Amino acid sequence: MSDAKAPAAAVHPRRKIQLVDFLLSFRWIIVIFFVLPFSFLYYFSIYLGDLKSEKKSYKQRQMEHDENVKEVVKRLEQRNAEKDGLVCTARPPWVVVGMRNVDYKRARHFEVDLSKFRNILDIDTERMVAKVEPLVNMGQMSRVAIPMNLSLAVLAELDDLTVGGLINGFGVEGSSHIFGLFSDTVVALEVVLADGKVVRATKDNEYSDLFYAIPWSQGTLGLLVSAEIKLIPVDQYVKLTYKPVRGNLQELAQAYADSFAPKDGDQDNPSKVPEMVEGMIYGPTEGVMMTGMYASRNEAKRRGNVINNYGWWFKPWFYQHAQTALKRGEFVEYIPTRDYYHRHTRSLYWEGKLILPFGDQFWFRFLLGWLMPPKIALLKATQSEAIRNYYHDHHVIQDLLVPLYKVGDCLEWVHREMEVYPIWLCPHRIYKLPVRPMIYPEPGFEKHKRQGDTEYAQMYTDIGVYYVPGAVLRGEPFDGSEKCRQLELWLIENHGFQAQYAVTELTEKNFWRMFDNSLYEQCRRKYKAIGTFMSVYYKSKKGRKTEKEVQEAEQEKAEQETPEADERAN
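Residues numbered from 1 in each chain as written. Predicted model: local features only at pLDDT ≥ 70, side-chain atom pairs only at ≥ 80, totals over all residues. Heavy atoms only, no water.

*Asks:* Which parts of the structure should I look at to understand the packing of aromatic side chains?
*Replies:* For any pair of aromatic rings, the description consists of the separation of the ring centres together with the inter-plane angle of the planes. One pass over the full model with this rule turns up 35 aromatic pairs. Plain terms: the ring middles of F40 and W370 are 5.4 Å apart, the flat faces sit at 85 degrees to each other, and that makes the pair edge-to-face. Highlighted residues: F40 in helix α2 (residues 27-54) and W370 in the loop between α14 (362-368) and α15 (376-381), separated in sequence by 330 residues. Judged by relative accessible area, W370 falls into the partly exposed class, the value being 41%. Across the ring face of F110, the terminal group of R75 is positioned such that the distance to the ring centre comes to 3.9 Å. (Phe/Tyr/Trp six-rings, centres within 6.5 Å; stacked < 30°, edge-to-face > 60°. Helix = DSSP H or I, 4+ residues; strand = E, 2+ residues; numbered from the N terminus. Buried < 20%, exposed > 50% of the residue type's maximum accessible area, 1.4 Å probe, protein only. Lys NZ or Arg CZ within 6 Å of the ring centre and 35° of its normal.)

Here it is, written out as C-alpha cells:
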C-alpha cells in the first residue's frame, strides 16, 4: 500500500502475535458462509419493501407518515422522566453504520421506535425538493430520483447511509465543493421535540436556531421524522477524467486543489469548476485525481467514447480501477450516473480487502461479487468484544475535515504517524452562517482569499483515512489510542474537525475545543433536551456510558456554562 521503507527491527521490535490475529485471519469463513448470504437476503427484503412503498401514492405515504408521527408523540408522553432512562431510538447498537461506540444503549434507556420512517414522501419537481423520512438511504433515493434525471444535491457514496444519519451526523460527496455538506442541502426539518411538540424548522422561521443546531448533534436535540432536501437536475452519465499525479505529499495536495479550485478565485464559474471531484493518494509520492461532468446518453455513445457500466458485480473495485491511471496515464470514460454515485459501495472503499483478502480477485468477483457488499451491521454483529477492541487498536477509520490549504500538512502528519494508504480526498464547503453551529469556517478566512475560498464559504477537504497502519502491516507495535489522541489535537490546533461516527479519544474539554457548543447548548435548554436526550459528547465518547455517569453529566450541563477548554496540544 505504501512504498515507504520499514524501519529497522532493532528500532521497532516485532509486535506480539495474539489469538485474535488468528481469528481475524479466518474471519472470511464467517463472512462468506453467513454475512454475505444474510446480507443479500436483507438487502433484497428491503428492496421489496421499498417497491411496495413506491406503489403507494404520495398522499397515502404522507397520511401514513402523519399517523406514525402521532405514535412517536404518544410514546414520548408515556415516558416517566423520574423512572425511565434517557430517550434513544430502538435500533440495536450493532445496526449503526460506523465505528462509534454505542454502549450507552446497554444502560437503562427509553426506546422510541422509528423503524417505519423509511419512505420517500414526495418528489416536488417545481420546488426541486425531495421530502423524505430519516431511514431513507442513498441507494433507495438514487434508484427513485435518477430515472427522473434528478438527484439529491449531495448524494453520499455508500448505499446504506441514511438521510437521518447524514443530517444528524455528517455527509460528504463529490459535489460538496459546490453544495457543501449533506446538511447544507436541507431545506426544512420536521422534528419531534422532547415535550412531544412537532415543529418544522427552516433557516428563516421561528425555529431557525434548531435548524442550524441539528447537524452534528447526533439526534440529541429531538427526533427527526422527515426532511426536505434540495434536488438538482442530472444527466444519464458522468464523464470522468482520471489524472495521475506524482511528487511529494505537498505537491500531491496542490495538484488535488488545482483539479477543482481555479487559481484566479473564480470558484463559482461552472466553466472552470467540475461537477464532481475526488482524489486518491496511493502512497507518499503518487495519486490519482478524478473530475467529472454530467453527460447525456447521446454524448456518451458517440463513436470513440468509452462507457464503463460499473454497476456490474464482476467489475474491478473502483479504487483499483482508478489506480491503473498511474500506469496507463490520463484517460476518460463515461459511467452511468447511478453507478458512479455508488462506486465505492461494493468494496466499502478499500475496507473490503480486510474483510475478504481475495474479494478483489476476478474469480471471486465473477462468482460471488453479486453478494457484495456485506451488510456493515451484520459485520458488527458477528464481532466479539476482543475483535472490536483489536480494530480500535490496530486499525484506523477516520474522516478528517481540514481547510484546503492545510491538506498537504495533514497528509504529511498521517504518513509520519500512521502511514495509511490509500487516502480519500473529497472537497467541501463550510459556509459562513448568520449563527455559529458546531462546525464553522476559520474566523476571517475571507480576507486571505485562498484558493477555493469565496466570500461566503471556506473550502475544506474530507481526508478519509481508512485501513491498517503501515507499522501493523509490518508487525510492529502501534498504539492506536495514542495516535488517535495526537491526531485529534492536531485537528484542534489547525481548525479541523473529526467525523463523530469514528472512534474518538477526545476528553469533554477537547471535544468542545474542536466543536462550538454555544448554539447547541442554547437549543438544548430552549427545547428541553437536557434530561431527555443524551448530550452529543457522551453519545460520541469512547467506552461504556453508565447511567450514573450520564445523569451526573446532564445535571452538570443544566447548572453550568460551557466547560473551559484549558487543555492544549503538546
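From this point, the narrative continues.
*Asks:* When you look at the nonpolar core in this model, what are you seeing that I'm missing?
*Replies:* The nonpolar side chains of a soluble globular protein tend to be buried with one another. In terms of nonpolar packing, the biggest core is built from 143 residues, with L210, Y242 and I463 touching the most fellow members. In terms of residue count, strand β15 (residues 457-467) provides more of this core than any other element does, 6 residues in total. Taken domain by domain, the makeup of this core includes at least three residues from each of domain 1 (58-233) and domain 2 (237-498). Discounting residues that sit within four places of it in the chain, L210 has contacts with V191, L193, V199, A201, L221, C523 and Y527. Of all hydrophobic cores here, the second largest spans 15 residues; its members include L76, F110, L114 and F533. (Core = buried A, V, L, I, M, F, W, Y, C linked by side-chain atoms within 4.5 Å. Domains from an automatic or database assignment. Contact = heavy atoms within 4.5 Å.)

*Asks:* Which parts of the structure should I look at to understand the pairing of strand β4 (residues 129-132)?
*Replies:* Working note: regular strand, side chains alternate between the two faces of the sheet. Sheet analysis places strand β3 (residues 120-124) next to β4, joined by 4 bridges and oriented antiparallel. Considered in β4, the bridge of I123 is made with A130. Between the antiparallel neighbours β3 and β4 lie 4 residues, among them M128 with a positive phi of about 55 degrees. As judged from the 4 bridges shared by β4 and strand β8 (residues 223-233), these two strands associate in the antiparallel manner. When the bridges of β8 are listed, V129 appears paired with K230. (Pairing = 2+ DSSP bridges.)

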